[in-house]
Amino acid sequence: MLLSLSLLVLPVLSAAQTISGPEDCLQAGNYQLCQNLWGRDTGVGSQSSTLVSQSDTTNSLSWSTTWNWTNGPDNVKSYANIESTVAKGVQLQNVTSAPTTWTWSYQSRSDGIRANVAYDIWTGVPSVGTPASQNSSYEIMIWLSSLGGIEPIGDSPVTTNVSLAGYTWDIWRGPNQNWEVLSFVVKDVADVTNFNVDLNEFFEYLIANQVVAPTQYIQSIQAGTEAFTGSAVLVTSNYSVAVNPN
Ligand SMILES: *[C@@H]1O[C@H](CO)[C@@H](O)[C@H](O)[C@H]1NC(C)=O
Ligand SMILES: *[C@@H]1O[C@H](CO)[C@@H](O)[C@H](O)[C@H]1NC(C)=O
Ligand SMILES: *[C@@H]1O[C@H](CO)[C@@H](O)[C@H](O)[C@H]1NC(C)=O
Ligand SMILES: *[C@@H]1O[C@H](CO)[C@@H](O)[C@H](O)[C@H]1NC(C)=O
Ligand SMILES: *[C@@H]1O[C@H](CO)[C@@H](O)[C@H](O)[C@H]1NC(C)=O
């Protein structure tokens, strides 16, 4: 009896998979987990990321990343992230909703870490585009946490106290290579650790304020952490994103 019970339970438990190479990625249902240690040469350290579990039924997953970086306090070392392989290829004007859930916490962290927890949403003129490529027009960031005094690209907020999706945000704007970075930084709360919103509120705001053209295509939605310095274990217990077109 005991044996058959454990056999019933086993299929829903899958062994966690860990990646540690600088450009390593793992496929998981409608998502890809990538290490993306793109700025590692500006410091010294290491990082690994783990796919904990994934469910096709709820289009969601759980993952974690463990990092330890020193030197280059103003340089991003990495953006370990989850990227949807399906929530893309839709013009902003044709999005009816883009529901997302992100529940996360620091399982541990050293004193004074410099890091954010943020979405990175890429848009452009072509329907497809690799993030940070010649096809990128805008990089729309949504910062749910920023520790250690780090700031987005731009000199200072261009708009403050914008109410969207139940939170108040400052918006930063600045150039990066061939695209423009638009960063929504949450204020009045230290960390938004249980984010459950419709990303279309951000897209509609940017269209209504004529910042971004409605014809821009969503090319990628990523969610992860930009690590600068310190050490931490960041756990995402649940993440999900979808783009529903009209
Ligand atoms: C994770 O989020 C998805 C989408 O919101 C939801 O359907 C699912 O129940 C959540 N899973 C857990 C374990 O909370
Ligand atoms: C981070 O790396 C430094 C230098 O190698 C080491 O002394 C420290 O113990 C590491 N911290 C953690 C939490 O692994
Ligand atoms: C997208 O929206 C535009 C403007 O409302 C509309 O003309 C077009 O038909 C829509 N495209 C799709 C695929 O629904
Ligand atoms: C850029 O877009 C074109 C379509 O216009 C596509 O064929 C190409 O693969 C894209 N390249 C990158 C790097 O995203
Ligand atoms: C934004 O809100 C803060 C309080 O959170 C307030 O001190 C500040 O004056 C507001 N700024 C503007 C431009 O309304």
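Residues numbered from 1 in each chain as written. Chains lettered and ligands numbered in written order. Predicted model: local features only at pLDDT ≥ 70, side-chain atom pairs only at ≥ 80, totals over all residues. Heavy atoms only, no water.

**Digging into the overall build of the protein chain**
Thinking step 1. Secondary structure assignment for the protein chain yields two helices and 16 strands.
Thinking step 2. Compactness check: the protein chain gives a C-alpha radius of gyration of 18 Å against a globular reference of 18 Å for 246 residues, within 12% of the reference.
Thinking step 3. C-alpha atoms of the protein chain, sized along the principal axes, occupy 65 × 45 × 35 Å.
Thinking step 4. In the protein chain, once contacts between residues fewer than 6 apart in sequence are set aside, the share between residues at least 24 apart is 71%.
Thinking step 5. Accessible surface for the protein chain amounts to roughly 11100 Å². Of this, 50% is attributable to carbon and sulfur atoms.
Thinking step 6. Positive and negative side-chain charges of the protein chain, numbering 7 and 19 respectively, have mean locations separated by a distance of 5 Å. (Helix = DSSP H or I, 4+ residues; strand = E, 2+ residues; numbered from the N terminus. Rg over C-alpha atoms; globule rule 2.2 N^0.38 Å. Contact = heavy atoms within 4.5 Å. Areas by Shrake-Rupley, 256 points an atom, 1.4 Å probe, with all protein chains shown as cover. Lys, Arg positive; Asp, Glu negative; His and termini not counted. Charge placed at Lys NZ, Arg CZ, Asp CG, Glu CD.)

**Brief notes about unusual backbone geometry**
Thinking step 1. Backbone geometry places Asn59, a non-glycine residue, at a positive phi of 50°.
Thinking step 2. Tracing the backbone through its elements, the reader meets Asn59 in the loop between strand E4 (44-55) and strand E5 (60-70).
Thinking step 3. Backbone geometry at Gln210 places phi at a positive 55°, although glycine is not the residue there.
Thinking step 4. Among the secondary structure elements, Gln210 is positioned in the loop between helix H2 (200-208) and strand E15 (217-241).

**Quick notes on the environment of Thr96**
Thinking step 1. Among the secondary structure elements, Thr96 is positioned in strand E7 (residues 95-97).
Thinking step 2. Each C-alpha atom, one on Thr96 and one on Asp198, is 9.6 Å from the other, the two residues being 102 residues apart in sequence.
Thinking step 3. Filtering out sequence-adjacent residues up to four positions away, Thr96 remains in contact with Asp198, Asn200, Asn244, Pro245 and Asn246.

**Let's talk about the site of ligand 1**
Thinking step 1. Surveying the vicinity of ligand 1 reveals the residues Thr58, Ser60, Thr101, Asn238 and Ser240.
Thinking step 2. Here an oxygen atom of ligand 1 sits 2.9 Å away from a polar atom, N or O, in the side chain of Thr101.
Thinking step 3. At a separation of 2.5 Å, an oxygen atom of ligand 1 approaches a polar side-chain atom of Asn238.
Thinking step 4. The protein chains hide 42% of the 360 Å² of surface that ligand 1 would expose on its own. (Near = heavy atom within 4 Å. Polar contact = N/O pair within 3.5 Å; in protein donor to acceptor, adjacent residues only side chain to side chain.)

**Points about the packing of aromatic side chains**
Any pair of aromatic rings gets described here by the distance separating the centres and the angle formed by the planes.
Thinking step 1. In total, this model carries 14 aromatic pairs according to the counting rule given.
Thinking step 2. Note on Trp102 and Tyr239: the rings are 5.8 Å apart at their centroids and 80° apart in plane angle, and the pair reads as edge-to-face. Note that Trp102 is positioned in strand E8 (residues 99-109) and Tyr239 in strand E15, a separation of 137 residues in sequence.
Thinking step 3. Judged by its relative accessible area of 0%, Trp102 falls in the buried class.
Thinking step 4. Connected via pairs of aromatic rings, a cluster forms that spans Tyr31, Trp102, Tyr119, Tyr167, Trp169, Phe184, Phe195, Phe202, Tyr205 and Tyr239. (Phe/Tyr/Trp six-rings, centres within 6.5 Å; stacked < 30°, edge-to-face > 60°. Buried < 20%, exposed > 50% of the residue type's maximum accessible area, 1.4 Å probe, protein only.)

**Quick look at the site of ligand 4**
Thinking step 1. Neighbouring residues of ligand 4: Pro126, Val128, Gly129, Thr130, Ser133, Gln134 and Asn135.
Thinking step 2. At 2.8 Å, a backbone N or O of Thr130 approaches an oxygen atom of ligand 4.
Thinking step 3. Between an oxygen atom of ligand 4 and a side-chain N or O atom of Asn135, the distance comes to 2.3 Å.
Thinking step 4. When ligand 4 is considered free in solution it has 360 Å² of accessible area, and contact with the protein chains removes 48% of it.
Thinking step 5. Tallied by class, residues from the shell around ligand 4 come to two nonpolar, five polar and no charged. (Nonpolar A, V, L, I, M, F, W, Y, C, P; charged D, E, K, R; others polar.)

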